[in-house]
Amino acid sequence: MTSSLLSIDELGADGVRRILDLADTMAEVNRRPNPKVPALRGKTVCSVFFEDSTRTRLSFETAAKRLSADTMTFAVSQSSLSKGESLKDTIETIAAMGVDAFVIRHGSTGAPWLVEGWTNAAVVNAGDGWHAHPTQALLDVYTVRTSLNRPDGFDGLRVAVVGDIKHSRVARSTTAAFKALGADVTWVAPTTLLPPVVHEHVTDRLDDVIEDVDVLYLLRMQNERMTEALVPNLREYTTRFGLTPERAKRLSPQTLVMHPGPVNRGVELAVDPSELPGAVINQQVTNGISVRMAVLFDCLSANPDPTSDLERPELP
Ligand code: CP
């Protein structure tokens, strides 16, 4: 049986908890001397990235390999798209080679939903336009769950998501995942960088909330997605919304500092994260492998009990 992962809203709160529980099991696999299991042997996972990526692409490929799936990487710039082949024909052509899951990143909102309509393979959304990035959201909440030892949920947890929310698929998906687990999420942004949707808690004053949050989630300034000047200049942005040395001193040592990456050093993060006791930015990257193993297993495995597939380590 295959199923897709397209958005946190479609996954739902129960689905988020199911993936996080599965990620605990995958994290245990990843702590083994030989972190490889035969759970998805015989399956093929194809990465199709129309936008650049370091973390998402490499961690999906690592996750697939640790589950013993075969991997294919579609290189957009070397493909027949340059000869005018459509996205639909491209997907159907790759699917005809026997693909069980597509991991797709595309600059257009909704592209993964189109792909799902063209193939019987599972489709995992690795980021579409400004819209959704569900596996980033899952690794974010998994990082909070493990760092703060909150396996039962986030009731009472105060999260501030700071920065360019308007252009951020991460902000949308991560907010949805935190809220699904019971957290209170405040958006902190200049009004020009807010999306035209209703959100309960919004402020343009980071200094009003910084001492009271359990999680400070900094977003990347997405210069490549801005078509007009939405902030006067980056220095002004950092003064009002960046994590500066002065603001870092006001943070509780227990406050987790998170960022999806890549970081604009000196803009949203103007301190060395290694000097912040609560920084978990590298932990987010590490957890991305366990979470994406959980997602691929959840989408592709016919076995509702993962432990039987994970007990037997792959022979070297
Ligand atoms: N956070 C994130 O999606 O990073 P990449 O663009 O490097 O995949």
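Keep in mind the model is a prediction, meaning the values are calculated, not measured.

### Points about the sheet that holds strand β3 (residues 101-106)
Here is step 1 of the chain: Taken together, the 4 strands give an open sheet; going across it, the order is β2-β1-β3-β4, and neighbouring strands pair in parallel fashion. Edge positions in the open sheet fall to β2 (70-74) and β4 (122-128), since each of these has one partner strand only. Strand-to-strand, the axes of this sheet are offset by a mean angle of 15 degrees, without reference to chain direction.
Here is step 2 of the chain: Most of the contacts of helix α10 (residues 281-300) go to β4, to which it runs at about 145 degrees, and overall it touches β1 (44-49), β3 and β4.

### Overview of the domain arrangement of the chain
Here is step 1 of the chain: In terms of domains, the chain is made up of domain 1 (8-132 + 288-300) and domain 2 (134-283).
Here is step 2 of the chain: For domain 1 and domain 2, the distance between their C-alpha centroids amounts to 26 Å.
Here is step 3 of the chain: Domain 1 puts 29 residues into the contact, and the matching count from domain 2 is 24 residues.
Here is step 4 of the chain: For the pairing of domain 1 and domain 2, the buried interface totals around 2,200 Å² over both sides, and the portion due to carbon and sulfur atoms is 62%.
Here is step 5 of the chain: Among the residues of domain 1 in contact with domain 2, Ile8, Leu20 and Trp130 are the three that bury the most area, contributing 33% of the side total.
Here is step 6 of the chain: Our count for the domain 1 to domain 2 interface comes out at 3 salt bridges.
Here is step 7 of the chain: Salt-bridge contacts for Glu51 lead to Arg169; the nearest nitrogen and oxygen are separated by 3.0 Å.
Here is step 8 of the chain: Joining domain 1 to domain 2, the criterion identifies 9 residue pairs in polar contact (both at pLDDT 80 or more).
Here is step 9 of the chain: Listed by contribution, the elements that provide at least two residues to the side of domain 1 that touches domain 2 are α1 (8-30), α2 (55-66), β3, β4 and α10.
Here is step 10 of the chain: Broken down by element, the residue count for the side of domain 1 that touches domain 2 peaks at 12 residues, all from α1.
Here is step 11 of the chain: Along the lines of polarity and charge, the residues of the side of domain 1 that touches domain 2 split into 14 nonpolar, 6 polar and 9 charged.

### Notes on the environment of Ala27
Here is step 1 of the chain: Positionally, Ala27 belongs in helix α1.
Here is step 2 of the chain: When its relative accessible area of 11% is taken as the criterion, Ala27 is described as buried.
Here is step 3 of the chain: It is 31 Å that separates the C-alpha atoms of Ala27 and Gln222, two residues lying 195 residues apart in sequence.
Here is step 4 of the chain: In this structure Ala27 touches Tyr142 and Ser290, once residues within four positions along its chain are discounted.

### What to know about the layout of surface pockets
Here is step 1 of the chain: Here the largest pocket is characterised by a volume of approximately 420 Å³.
Here is step 2 of the chain: Around the largest pocket, the lining is made up of 20 residues, and of these Arg105, Arg169, Arg220, Gly261 and Pro262 lie nearest the centre.
Here is step 3 of the chain: Listed by contribution, the elements that provide at least two residues to the lining of the largest pocket are α2 and α6 (169-180).
Here is step 4 of the chain: Broken down by class, the residue content of the lining of the largest pocket amounts to 4 nonpolar, 8 polar and 8 charged.
Here is step 5 of the chain: The computed volume of the second largest pocket comes to approximately 350 Å³.
Here is step 6 of the chain: Looking at the second largest pocket, it is lined by 27 residues, and the ones nearest its centre are Ile281, Asn282, Gln283, Gln284 and Val285.
Here is step 7 of the chain: Listed by contribution, the elements that provide at least two residues to the lining of the second largest pocket are α2, α5 (134-147) and α10.
Here is step 8 of the chain: Counting residues per element, the lining of the second largest pocket draws most heavily on α10, which supplies 8 residues.
Here is step 9 of the chain: Grouping the amino acids of the lining of the second largest pocket by side-chain chemistry returns 12 nonpolar, 11 polar and 4 charged.
Here is step 10 of the chain: When we break the lining of the second largest pocket down by domain, the ones giving at least three residues each are domain 1 (8-132 + 288-300) and domain 2 (134-283).

### Quick word on the state of the cysteines
Here is step 1 of the chain: Summed over all chains, the structure comprises 0 disulfides.
Here is step 2 of the chain: Cys46 provides the cysteine sulfur closest to Cys299, a residue in no disulfide bond, and the two sulfurs are 15 Å apart.
Here is step 3 of the chain: Taking relative accessible area as the criterion, Cys299 reaches 3% and is therefore assigned buried.

### Structural notes on the nonpolar core
Here is step 1 of the chain: Core analysis: the largest hydrophobic core is formed by 62 residues, its most contacted members being Leu67, Leu138, Val161, Phe178 and Leu296.
Here is step 2 of the chain: By residue number, the principal contributor to this core is α1, which donates 10 residues.
Here is step 3 of the chain: Two domains share this core, each providing at least three of its residues, namely domain 1 (8-132 + 288-300) and domain 2 (134-283).
Here is step 4 of the chain: If we skip the residues at most four places from it in the chain, Leu296 touches Leu40, Val45, Phe60, Ala63, Ala64, Leu67, Val103 and Ser301.
Here is step 5 of the chain: By size, the runner-up hydrophobic cluster in this structure holds 24 residues, among which are Ile210, Val231, Val267 and Ile281.

Definitions and limits used
- Residues numbered from 1 in each chain as written.
- Predicted model: local features only at pLDDT ≥ 70, side-chain atom pairs only at ≥ 80, totals over all residues.
- Heavy atoms only, no water.
- Pairing = 2+ DSSP bridges.
- Helix = DSSP H or I, 4+ residues; strand = E, 2+ residues; numbered from the N terminus.
- Axes fitted to C-alpha atoms, helices over the stretch in contact; angles between N-to-C directions.
- Contact = heavy atoms within 4.5 Å.
- Domains from an automatic or database assignment.
- Buried area = accessible area lost by both parts, 1.4 Å probe.
- Salt bridge = Lys/Arg side-chain N within 4 Å of Asp/Glu carboxyl O.
- Polar contact = N/O pair within 3.5 Å; in protein donor to acceptor, adjacent residues only side chain to side chain.
- Nonpolar A, V, L, I, M, F, W, Y, C, P; charged D, E, K, R; others polar.
- Buried < 20%, exposed > 50% of the residue type's maximum accessible area, 1.4 Å probe, protein only.
- 1 Å grid on protein atoms, 1.4 Å probe; cavity = no way out; pocket = protein on both sides within 12 Å on 5 of 7 lines; lining within 4 Å.
- Points joined across faces, edges and corners; volume = space filled by probe spheres on them.
- Disulfide = S-S within 2.5 Å.
- Core = buried A, V, L, I, M, F, W, Y, C linked by side-chain atoms within 4.5 Å.

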